[in-house]
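The lines below spell out each chain.
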Amino acid sequence: MMPLFAIICRDEAGKLQTRLDTREKHLAHLKSAEILRMAGPLIEEGEMRGSLLIVEAEDIATAEAWAATDPYKAAGLFRSVEVIEWKKVIG
């Protein structure tokens, strides 16, 4: 089993419409990814304001390269993207 990586994306303030406009492309990108294990939006004050993705990849460089292809990133949605190795313990 290859290592898991958490990709933590935080949206730019006031960019909810960008998220909504790009959502279908983003979801298609996720559905086509063989390395993706889990994904979902981060919620603040009842509004989507980021993303948490868990991927299984050979190394952090592979996870970072895949994260860079997200349509949300291309649309300028993200204020920050952090990729960190993650270990599943429960679930």
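Criteria and cut-off values
Residues numbered from 1 in each chain as written. Predicted model: local features only at pLDDT ≥ 70, side-chain atom pairs only at ≥ 80, totals over all residues. Heavy atoms only, no water. UniProt positions renumbered as here; feature names shortened; annotations may be inferred. Helix = DSSP H or I, 4+ residues; strand = E, 2+ residues; numbered from the N terminus. Rg over C-alpha atoms; globule rule 2.2 N^0.38 Å. Buried < 20%, exposed > 50% of the residue type's maximum accessible area, 1.4 Å probe, protein only. Areas by Shrake-Rupley, 256 points an atom, 1.4 Å probe, with all protein chains shown as cover. Lys, Arg positive; Asp, Glu negative; His and termini not counted. Charge placed at Lys NZ, Arg CZ, Asp CG, Glu CD. Phe/Tyr/Trp six-rings, centres within 6.5 Å; stacked < 30°, edge-to-face > 60°. Arc of directions from axis to C-beta. Contact = heavy atoms within 4.5 Å. Polar contact = N/O pair within 3.5 Å; in protein donor to acceptor, adjacent residues only side chain to side chain.

By the naming in an unreviewed UniProt entry, the chain is YciI family protein, taken from Paracoccus cavernae. Taken directly from UniProt, the Sequence similarities (unreviewed entry) text for the chain runs: "Belongs to the YciI family."

Counting its secondary structure elements, the chain contains three helices and four strands. The linear arrangement of helices and strands in the chain, starting from the amino end, is β-α-β-β-α-α-β. Computed over its C-alpha atoms, the radius of gyration of the chain comes to 13 Å, within 12% of the 12 Å expected for a compact globule of 91 residues. When the backbone C-alpha atoms are referred to their principal axes, the chain occupies close to 40 × 25 × 20 Å. Within the chain, buried positions represent 34% of all 91 residues. Entry remark: accessible area of the chain is about 5,800 Å², with carbon and sulfur atoms responsible for 53%. For the chain, the separation between the mean place of its 12 positive charges and that of its 15 negative charges on side chains is 3 Å.

With that out of the way, let us pick up the packing of aromatic side chains. Given two aromatic rings, their pairing is described by the distance between the two centres and the angle made by the two planes. Evaluation of the coordinates by the stated rule reveals one aromatic pair. Pairing Y72 with F78 gives two aromatic rings, centres 5.9 Å apart and planes at 90°, and the pair type is edge-to-face. Relative accessible area serves as the criterion here: at 12%, F78 is assigned to the buried category.

Listed as buried for helix α2 (residues 60–67) are A63, W66 and A67. The arc that holds the buried residues of α2, viewed along the axis, is 100°, so those residues lie on one side. The secondary structure elements touched by the buried residues of α2 are β1 (4–11), α1 (16–31), β2 (36–44), β3 (47–56), α3 (71–74) and β4 (78–86). The N-capping residue of α2, defined by a side-chain oxygen 3.3 Å from the backbone nitrogen of A61, is D59.

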